[in-house]
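Observations on the model geometry
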Amino acid sequence: MKKQILDLRVLSNSRLNHNHNLLELGCADPLPAMVPGQFAEVLVEGSVSTYLRRPFSIHRYDKAANTMHLLIKSVGEGTKKIASLKPGSTLNLMLPLGNGFTITNNQEVLLVGGGCGIAPLYFLAEQLFRKGNRVSLLIGGRSAVDIMLASEYRRLGNVYITTEDGTMGEKGMVTQHPVINQADFPFSMVYCCGPDGMMKAVAHLAEGKKVDCEVSLENTMACGIGACLCCVVETHQGNQCVCTEGPVFNSKKLKGWTREIETACSLDN
Amino acid sequence: MAKLEVNLHKLKLSNPVLTASGTFGYGEEFDDFIDVNSLGGIIVKATTSRHREGNPYPRMAETPMGMLNAVGLQNKGVDYFVEHIYPKLLKYNNCVIANVSDSTVEGYVEVAEKLNSLEHISAIELNISCPNVKEGGMAFGTSCPSATAVTRAVREVYDKTLIVKLSPNVTSIAEIALAVEAAGADAVSLINTLLGMAIDAERRKPVLSTITGGLSGPAIKPVALRMVWQVAKAVKIPVIGIGGISSAADAIEFMLAGASAIQVGTANFVDPAVTVKIIAGIKDYMQRHKIDDVNDLIGGLVL
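Below or above, wherever it landed, is the structure these notes cover.

Analysis parameters
- Residues numbered from 1 in each chain as written.
- Chains lettered and ligands numbered in written order.
- Predicted model: local features only at pLDDT ≥ 70, side-chain atom pairs only at ≥ 80, totals over all residues.
- Heavy atoms only, no water.
- 1 Å grid on protein atoms, 1.4 Å probe; cavity = no way out; pocket = protein on both sides within 12 Å on 5 of 7 lines; lining within 4 Å.
- Points joined across faces, edges and corners; volume = space filled by probe spheres on them.
- Helix = DSSP H or I, 4+ residues; strand = E, 2+ residues; numbered from the N terminus.
- Core = buried A, V, L, I, M, F, W, Y, C linked by side-chain atoms within 4.5 Å.
- Buried < 20%, exposed > 50% of the residue type's maximum accessible area, 1.4 Å probe, protein only.
- Domains from an automatic or database assignment.
- Contact = heavy atoms within 4.5 Å.
- Salt bridge = Lys/Arg side-chain N within 4 Å of Asp/Glu carboxyl O.
- Polar contact = N/O pair within 3.5 Å; in protein donor to acceptor, adjacent residues only side chain to side chain.

**Points about empty space enclosed by the protein**
Residues and elements named next belong to chain B.
- In this structure the tally under the stated criterion is one cavity of 30 Å³ or more.
- Of the volumes computed, that of the largest cavity is approximately 500 Å³.
- Together, 37 residues line the largest cavity, and Ser21, Thr23, Asn69, Asn192 and Thr193 are the ones closest to its centre.
- For the lining of the largest cavity, the elements supplying multiple residues, two or more each, are strand S6 (66-69), strand S16 (261-264) and helix H8 (267-270).

**A short note on the nonpolar core**
- Membership of the largest hydrophobic core comes to 141 residues, with the highest contact counts inside it found for A:Val112, B:Phe81, B:Leu89, B:Leu190 and B:Ile282.
- Here this core spans two domains, since at least three of its residues come from each of domain 1 (4-97) and domain 2 (108-263) of chain A.
- In this view, B:Leu190 contacts B:Leu166, B:Ile173, B:Met227, B:Val228, B:Val231, B:Val239, B:Ile240, B:Gly241 and B:Ile242; residues no more than four positions away in its chain are not counted.
- Of all hydrophobic cores here, the second largest spans 27 residues; its members include A:Phe101, A:Ile147, A:Ala150 and A:Tyr191.

**Re the pattern of salt bridges**
All names here are of chain B.
- Enumeration over the complete set of coordinates arrives at 18 salt bridges over all chains.
- Arginine 203 is paired through a salt bridge with aspartate 200; the nearest N and O atoms lie 3.2 Å apart.
- A single salt-bridge network, built from bridges that share partners, covers Arg50, Asp79, Glu110 and Lys114.

**A short note on the side chain of A:Asn133**
Residues and elements named next belong to chain A.
- Inspection of the secondary structure assignment puts asparagine 133 in the loop between helix H2 (121-130) and strand S9 (134-141).
- For asparagine 133, a relative accessible area of 5% puts it in the buried group.
- In this structure the side chain of asparagine 133 is engaged in a polar contact, spanning 2.8 Å, whose partner is the backbone oxygen of leucine 128.
- Non-local contacts of asparagine 133, meaning those with residues more than four positions away in its chain, are made with Thr104, Asn105, Asn106, Gln107, Val109 and Leu128.

What follows is the structure, given as structure tokens:
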């Protein structure tokens, strides 16, 4: 897939909560083909404190409508500038970057998202749904306000919610929800995106159930194309760039993410 | 037709725009965005005598108009380079320059010797200025005797154009430049990154795993420009300007300060096509100022 740099038009900008916006983008020319899990590096115009692009997962891609969505979490000046764009304005993106999730066929699958980690999971759920998979989505957040787009996700599968303060869904962390702790685990694949601690915990649970878990990492990066070597993650094959080797990894590939391989390695030594 | 060719010792560049080592991979990362052959040349990622995993993550911190990095020369070593990377570089017919680093003089010599026989590598850039390794790197570039020693040792085994990349983390960069010139360098390139630091106040922690790192990007341009000007006045060999160049105007400023060619670094991360835009912008500047030969810009600062 050839990477491109494109000026896209902001078609709509919806505020989801106090620090998240959903941007809908379009283009007169056809958008490049994209797969779930890939990301875009977005140029920030008019920000004096930032210089680099910002990476965002492709939240949705609609080939027929030739539109795509990005879920923007406002953190610093750069992301705030992007989140404040008005419809009609232009946004410069480099895309599609990185590798996507494995798309299974006719399976029972579980998607787990924490906070803005739900960003790549809509596009993923949609593709999995189209391929005949039975999709369950487990969404976690600190509080009810952090649970975004649940109704959108409900169109694609069963949605389960946890909040740490119990203001929505089950009280606690995603790893405490009954759906991921069933003795007779119905899922043949787990996909996860969220904070590293959450992803590790989910990967451990999946490992315990002898099921593969694909995680989408969000390491700080500069270039997004494998040139700067800043976003590396330690894998069993050495340091690898999250931008070009990931951002989606099977958790078994990552050093320190699985119990089994760690034990095996230490026994070898 | 504007003449863009410049000479760096024996090298003939089709135009003065090069890429800075460590910001352009091995060229192929940029093939989707630009015709890499349209650049004056590329300086590929640093090669050391042995495989290096580099520093632990986090290796990057964004700072106002720039970034700190602490990559630490991650590469697979010179033998891997010769066997697996060099063949892929043969598709580029512009000037391909290797960047050489190590932790000992013997290591530098070993890499330079192995690269000397590669026909398609037309020059090496000796990196005596990397701030992100515990041993070697910048340590060689911050004193005249050690800069002299490593340059002289490599000069003995390397026949083609030898560029030495200087560290700005010194009291007098012109003195180091004079020292490497006397030791046999054919050109100097400057500046490498400035040693810097970032702190996350909320967590009371350094942002980088190595605590300190190398600052690059537009934030360092005024410092780089000053150093290029000082060095160009001091030495007779060609000077290559580096430091925050992200536009044709920046490139021209470095040439007016005395640089014969320039390297684009961090800007490649923001716009992978920036180098070709800089070449076009230089042509445009020459047309507007009725300059036929880009060499007329070198050291053309009016005082």
